[in-house]
Amino acid sequence: MGRTAEEVLEYMKELLEVYLAELNGYEENAFAYGEKTAYVECLEVIQLWEKAQTFGLDYDIEQRYPI
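Residues numbered from 1 in each chain as written. Predicted model: local features only at pLDDT ≥ 70, side-chain atom pairs only at ≥ 80, totals over all residues. Heavy atoms only, no water.

Caption draft 1: Inspection of the packing of helix H1 (residues 5–23) against helix H2 (residues 30–46) at higher detail. One way to put it is that H1 packs onto H2 with a least axis distance of 10 Å and a crossing angle of 150°. As the angle between them shows, H1 and H2 are arranged roughly antiparallel. Seen from above, H1 lies across H2 with left-handed handedness. Residue-level contacts link Leu 9, Met 12, Lys 13, Leu 16, Glu 17, Tyr 19, Leu 20 and Leu 23 of H1 to Ala 32, Glu 35, Lys 36, Tyr 39, Val 40, Cys 42, Leu 43 and Ile 46 of H2. Among the residues making up the contact of H1 with H2, the classes are represented as 12 nonpolar, no polar and four charged. (Axes fitted to C-alpha atoms, helices over the stretch in contact; angles between N-to-C directions. Helix = DSSP H or I, 4+ residues; strand = E, 2+ residues; numbered from the N terminus. Parallel < 35°, antiparallel > 145°, perpendicular 65-115°, else oblique. Left-handed = near helix turned anticlockwise from the far one by under 90°. Contact = heavy atoms within 4.5 Å. Nonpolar A, V, L, I, M, F, W, Y, C, P; charged D, E, K, R; others polar.)

Next up, the structure:
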């Protein structure tokens, strides 16, 4: 069964935050830096969504996940 765009965006936001939290425990290397940068950029795009704040994306992403 398919999901609505809203459900997909909410799920993606939550998944990206989990991945970023996991990266905080790893040693910094070129691959981890690239991965973190991509996740942060994805969150920034999702933050353009009109309902982003309603779903908890109401913070400064680069401050929380500095790259």
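Still to come is the rest of the account.
Caption draft 2: The pattern of salt bridges, seen in detail. Counted by the stated rule, this structure contains two salt bridges. Put simply, Lys 51 and Glu 6 hold a salt bridge, and the shortest N to O gap is 2.8 Å. With Lys 51 in the loop between H2 and helix H3 (61–64) and Glu 6 in helix H1, this pair connects stretches of sequence that are 45 residues apart. In this structure Glu 6 comes out as partly exposed when scored by relative accessible area, which is 32%. Among the salt bridges present, the one from Glu 17 reaches Lys 13, with a minimum N-O distance of 2.9 Å. Placement of both Glu 17 and Lys 13 in helix H1 is noted, with a separation of four residues, approximately one turn of the helix. Residue Glu 17 shares its accessibility class with Lys 13, and that shared class is buried. (Salt bridge = Lys/Arg side-chain N within 4 Å of Asp/Glu carboxyl O. Buried < 20%, exposed > 50% of the residue type's maximum accessible area, 1.4 Å probe, protein only.)

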